[in-house]
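# Topology and contacts: notes
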Amino acid sequence: MMKYIKNISIFVLAVCTAVLASSCEDGTDEFLVSETAPVLLSDLSINNIELDPVNVNNPAMTLTWTEANYGQQATVNYNIEIAADEAFTNPTTASSVSGNNTATLSVSELNSAAGTLGLPPFAWNTLYARVVSSLGTQNGIAVASNSISFMVFPYFNYPFDDYYLVGNGVAPGWDNNANNPALFRDAGNQNLYHYTGFFTNSSGDFGEGRFKVLESRGLWQPQWGVTDNEGDDVIKTGGDIAGNPGTQGSDPGRFGVASSGYYHFTINFGDQSYTMEPYDASGATDFTSMEIQGSATTIAAMTQSSFDSHIWNIPSVRLVPGELQFVTNTGSSWGGSTEFSGQATEGGSIPVVVEDDYEVWFNDLDGRYILIPLNL
């Protein structure tokens, strides 16, 4: 009986070896493709497109083109590229379709493309469109079509998020709608926010000196804090952040300081981390008044925080395209080179690129500023 089983095993092994050997032979047909002629992109029926900031999901433009032919029955990818110049120096991909030779861009998609290309809002600008055909997940054998031009009148799309402090370690206490101080967005990293200022913890109690970060005044969610649950959220100088609903369905723990003083707080929503470091404010100038001036506004006085004398604020002021500076009671003038947020230096000017009512914050300790549009 054992000899019989052994013979069967040898036979099966021989068959498997033969099958394996035959499978190694290249008997498949080669998949050959040829570079397609450029597809032909048709002209638009309307060449002047004014984008409506209210009905952003409405269609803005429909593009049609001839089909690419790569010599095989394969699905072709089509990328719709938009550029600010006919040479397509720095194009942006507004949409992508596969196996179809037509695409419709919504108002928001076209406006986003215009903003990515740096076009000024509320003005007529020339844009160029083309279709780039390709094959496969790696977009192989890409071939660009002819280009067409059209005029577009984009609206402004404020691309940033803003955040506010709440807690018994900061000015508003645990009131989520009390002119809560805004965090200052980093000019070079839109995920990174700073706040250099006074934090209080007069008793040293475990529940004192605490704060969280809100995305909207008057709403408790979304809120951001530490990954530890309340009660286990010991005060640390840095670590990971958690958010409801950013990372979880329950509220995060609290940031905090162990004693009253000046600190530099950072929170990075890119890598979801934070730091809290002591800050030496002993040599800082105590200004008694602060104004904004410049071609973007009439002279407007800022309000000094009663909690922290280095924090200044205007809840609402009308700004128009131009520039502005922060002017102190000593006559010194401060400004920065970046719109909406940045770090001011003496003698600089802050560009204002779009008219709106703005909430303005300025920190005279580190020169950071933020201009938050209220209607965009």
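As a starting point, this report considers the structure included with it. (Residues numbered from 1 in each chain as written. Predicted model: local features only at pLDDT ≥ 70, side-chain atom pairs only at ≥ 80, totals over all residues. Heavy atoms only, no water.)

Turning next to the overall build of the protein. For the protein, the helix and strand inventory stands at two helices and 28 strands. Here the C-alpha radius of gyration of the protein, 30 Å, is well above what a compact globule of 376 residues would show, namely 21 Å. The principal-axis extent of the C-alpha atoms belonging to the protein is close to 95 × 75 × 35 Å. Within the protein, buried positions represent 43% of all 376 residues. (Helix = DSSP H or I, 4+ residues; strand = E, 2+ residues; numbered from the N terminus. Rg over C-alpha atoms; globule rule 2.2 N^0.38 Å. Buried < 20%, exposed > 50% of the residue type's maximum accessible area, 1.4 Å probe, protein only.)

So, on to the side chain of Glu 359. With respect to the helices and strands, the residue Glu 359 is situated in strand 27 (residues 356-363). On the basis of relative accessible area, Glu 359 is assigned to the buried category, the value being 5%. Of the polar contacts made by the side chain of Glu 359, one reaches the side chain of Arg 217; its length is 2.4 Å. Of note is the side chain of Glu 359, whose polar atom sits 2.5 Å from the side chain of Trp 361. Among all residues touching Glu 359, those that are not within four sequence positions of it are Tyr 164, Arg 217, Asn 313, Ile 314, Pro 315, Ile 370, Leu 371, Ile 372 and Leu 374. (Polar contact = N/O pair within 3.5 Å; in protein donor to acceptor, adjacent residues only side chain to side chain. Contact = heavy atoms within 4.5 Å.)

Within the element layout of this structure, Thr 247 appears in the loop between strand 14 (238-244) and strand 15 (255-256). Under the relative-accessibility criterion, Thr 247 is labelled partly exposed at 37%. Spatially, the C-alpha atoms of Thr 247 and Thr 227 are 9.4 Å apart, while their sequence positions differ by 20 residues. Leaving out residues up to four positions away in the same chain, Thr 247 has contacts with Trp 224, Ala 242 and Gln 272.

This next bit is on the environment of Val 226. By the element assignment, Val 226 lies in strand 13 (residues 223-226). As for Val 226 and Gly 238, which are separated by twelve residues in sequence, their C-alpha atoms are 9.2 Å apart.

On to the nonpolar core, then. The biggest cluster of nonpolar side chains holds 34 residues, and the ones touching the most others in it are Trp 65, Ile 82, Leu 110, Leu 127 and Phe 150. For this core, the secondary-structure elements that each account for two or more residues are strand 2 (59-64), strand 3 (76-83), strand 4 (92-98), strand 5 (102-106), helix 2 (107-116), strand 6 (125-135) and strand 8 (148-153). Apart from the residues lying within four places of it in its own chain, the contact partners of Leu 110 are Ile 49, Leu 51, Ala 60, Met 61, Leu 105, Leu 127, Phe 150 and Val 152. Among the nonpolar cores identified, the runner-up in size contains 27 residues, and Leu 183, Tyr 195, Phe 265 and Met 276 belong to it. (Core = buried A, V, L, I, M, F, W, Y, C linked by side-chain atoms within 4.5 Å.)

Here we come to the pattern of salt bridges. According to the stated counting rule, one finds ten salt bridges in the structure shown. Where Asp 162 meets Arg 185, a salt bridge forms, and the shortest distance between an N and an O atom there is 3.0 Å. Note that Asp 162 is positioned in the loop between strand 8 and strand 9 (164-166) and Arg 185 in strand 10 (residues 184-185), a separation of 23 residues in sequence. Taking the relative accessible area as the measure of exposure, Asp 162 reaches 11% and is therefore buried. Owing to a relative accessible area of 1%, Arg 185 belongs among the buried residues under this scheme. Between Asp 366 and Arg 368 there is a salt bridge, with its nearest N and O atoms 3.5 Å apart. (Salt bridge = Lys/Arg side-chain N within 4 Å of Asp/Glu carboxyl O.)

This brings us to the sheet that holds strand 28 (residues 368-373). Picture the strands of a sheet paired through backbone hydrogen bonds; they go either parallel or antiparallel. Spatially, the five strands line up as an open sheet ordered 20-21-27-28-24, and their pairing is antiparallel. Each edge of the sheet is formed by a strand with only one pairing partner; in this case those strands are strand 20 (303-304) and strand 24 (341-343). Judged from the seven bridges that link them, strand 21 (residues 311-319) and strand 27 form a sheet pairing that is antiparallel. Bridging across to strand 27, Ile 311 finds its partner in Asn 363. (Pairing = 2+ DSSP bridges.)

What follows is about the packing of aromatic side chains. Inspection of every chain in the model, using the stated rule, returns 22 aromatic pairs. An aromatic cluster is present here, built from Phe 184, Tyr 195, Phe 199, Phe 211, Phe 255, Tyr 263, Phe 265 and Tyr 274 joined pairwise through their rings. Stacked on the ring of Phe 88, the Lys or Arg Arg 130 has its end atom at 4.2 Å from the ring centre. Sitting over the face of the ring of Phe 206, Arg 210 holds its NZ or CZ atom 4.8 Å from the ring centroid. (Phe/Tyr/Trp six-rings, centres within 6.5 Å; stacked < 30°, edge-to-face > 60°. Lys NZ or Arg CZ within 6 Å of the ring centre and 35° of its normal.)

Here three bridges tie strand 14 to strand 17 (residues 273-278), and the two strands are oriented antiparallel to one another. The residue bridging Gly 239 from the neighbouring strand is Tyr 274, located in strand 17. Where strand 16 (residues 261-268) meets strand 17, six bridges bridge the pair, whose relative direction is antiparallel. Paired with Ile 267 across the strands is Tyr 274, a residue of strand 17.

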